[in-house]
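So the chains spell out like this:
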Amino acid sequence: MKSKPLLLINIGQLVTLRSAERGPRRGAALSDLAIIEDAAVLCLGGKIVSVGKTNEALRDPWLKKNRKKVGEIDCRNRVVLPGFVDSHTHPVFAQPRLIDFEKRISGASYEEIAEAGGGIRSSIDSVRKTPKSALTAKLLATFDEMASHGTTTVEAKSGYGLDFASELKSLEAIRASARRWPGTVVSTFLGAHTVPPEFRGRSAAYLQLVCQEMLPAVAKRKLAAFTDVFCERGAFSADETEQIFRAATENGLTVRAHMGQLSETRLERYLRFKPASLDHMDYVNAGDLPALAASDTVATFVPGANYFLGLSRYPDARRFIAAGVAVALATDYNPGSSPTLSMPMAMSLACTHMKMSPSEAIAAATINAAWALRLGDSKGSVELGKDADLAVFDVGDYREIPYWFGTNHCVLTIMNGVPRSHS
C-alpha cells in the first residue's frame, strides 16, 4: 500500500526507545524510553526520516519547500510511541470457545477441559470446515481491530487445523490477509499445537506427519518464517519438541516454542537451536536463566492467558529482568485461553500482576517484541530509517496507557506510513 509523506507535530511525549546499542533491552536499559517532549516525526516512503522537536522540524528547508505535499497531523500534546509488536497470537479460528469458558467458571482445569474434548481440539472441526476466504476475511477484521488498539506488527500462528490441508489453508489465509493489511504480519507454523483426535494414541505417527510432510511443504511454499511447538504435558514432550526443532532447522525455518506454561521444562537442550523466543515461561528453573540471558532468545510473557484461565501464578518478570534476560510481552490472542487483542491490556496485567514498571512494559511490547520476531532492525522504536509504525494515544503521559484498563485510548495508528484513524 502506497504511503504519502506524513508529518506528526505537537507530540506531547514521543516515546522513541532509540538507543546506541543494537539488540533487545535488558536489565536497567529496559526502562530507558528516550522520550522527546513537544516532538515531531517526519515519514517518507513508509520510513521515518526525521525525529526531533516540533520547532526544529518546521524550520527544516526540505519541509518548508514541500509542506503542501505533506499530510500534517497535529497530535495536540498526546503521547506517541512505536506501534506495538504483538509477537504471539493464534488468530486463525472460526468460533469462540464458550463451553470451555463456562466449564472453567464451574471449576474445571485447563487439562480437564482438554481431556473432555474441549480446548484446542474443539477449534479443529470449525477451522477444517471453514473456507479459506472466510478465514481470510476474519483475519483481516482481527488485524484491523488490533490496529485500533495500537498494534502495527502481528505474529500469526496456524495450529487449529492440525491436518496437512487445514494447516496449509490457515497459513495461506494469513498470507492473503497480510497482503490486504497495511501493517506487518509474520507467519508461524504451529502444526505441533496438540495431537489431533484422529491420531489419539498414535502421537509418533502425527509427529512424523509434521516433520516429514507438513514442515517441508510449508518451507517450500514459503508460508511461514517460524515453526512453533507447544511443549507441555498433554501436548508435545521434550524429546518430541527437540525432534521438531531439528526438522524445522533442516528446512530453513527459525524456531520458537510455548514453554513452561503449566510445568517446568529445562531449557538448555533447546537453546542450541537458537530459538527466536520461548513463550509463557511461568515455570522456569533458576539454573536456566544465565544461559537464557547469554543467548539472543527472548522470553515472551503472555499474562492474558494467566488472567483468563484464573491462574494465581504469573511469570516472575522481576527474576528474569534481574538475570539479564531479554523479555517481551504479547497478547496470546486465541479463543480458549486469552481472547484479548489489546496490547495495552497485556501491559496493564504485566504491571499489576508481574510488577513490571510502565516503562518496562512499553519496551517489552515494542522493541523487545520486535526482536522476538527478528525484526528489531526495522520495528519497535522511533528512529531514522526504521519503518513508520506509530501509535497515537489520547493521554498526557505514557504511564496512562497501562494504567487505564478495559478501555482504549488509541486514536490513530500509522502502519508502514499508512495512517488509520480510530477516533
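This write-up is about the structure you can find in this document. For clarity, every value in this text was computed on a predicted model and none was experimentally measured.

## Considering the pattern of salt bridges
According to the stated counting rule, one finds 24 salt bridges in the structure shown. Across the pair Lys-47 and Asp-387 runs a salt bridge whose closest N-O atoms are separated by 2.5 Å. Of this pair, Lys-47 sits in strand β3 (residues 47-53) while Asp-387 sits in the loop between α16 (367-372) and β14 (390-393), placing them 340 residues apart in sequence. With relative accessibility at 34%, the residue Lys-47 sits in the partly exposed group.

## What about unusual backbone geometry?
Its identity is not glycine, yet Ala-34 carries a phi of approximately 50°, on the positive side. Looking at the element boundaries, Ala-34 is found in the loop between β1 (6-15) and β2 (35-44). Taking the relative accessible area as the measure of exposure, Ala-34 reaches 23% and is therefore partly exposed. Of note in this structure, His-280 is not a glycine but carries a positive phi near 90°. Of note, His-280 is situated in strand β11 (residues 277-280).

## Concerning helix α6 (residues 132-148)
Counted at 1.5 Å a residue, the expected span for α6 with its 17 residues is 24 Å, and the 24 Å between its end C-alpha atoms agrees. Three or more residues of α6 are buried, namely Leu-135, Thr-136, Leu-139, Leu-140, Thr-142, Phe-143, Met-146, Ala-147 and Ser-148. Positive backbone phi, at 105°, marks Gly-150, one or two positions downstream of α6.

About the cut-offs
- Sequence order as written defines the numbering, with residues in each chain counted from 1.
- In keeping with the model being predicted, local features are shown solely for residues with a pLDDT of at least 70 and side-chain atom pairs are shown and tallied solely at 80 or more, while totals for entire chains, interfaces and linings include all residues.
- Calculation of side-chain values draws on the structure's entire complement of heavy atoms; hydrogens and water are dropped beforehand.
- Any carboxyl oxygen of Asp or Glu within 4 Å of a side-chain nitrogen of Lys or Arg constitutes a salt bridge here.
- Under the DSSP-based scheme used, a helix requires at least four consecutive residues in state H or I and a strand at least two consecutive residues in state E, with every element numbered from the N terminus.
- Per-residue accessibility, obtained with a 1.4 Å probe over protein chains only, is compared with the maximum for each type, and a residue is labelled buried under 20%, exposed over 50%, and partly exposed between these values.
- A helix is expected to span 1.5 Å for every residue after the first.

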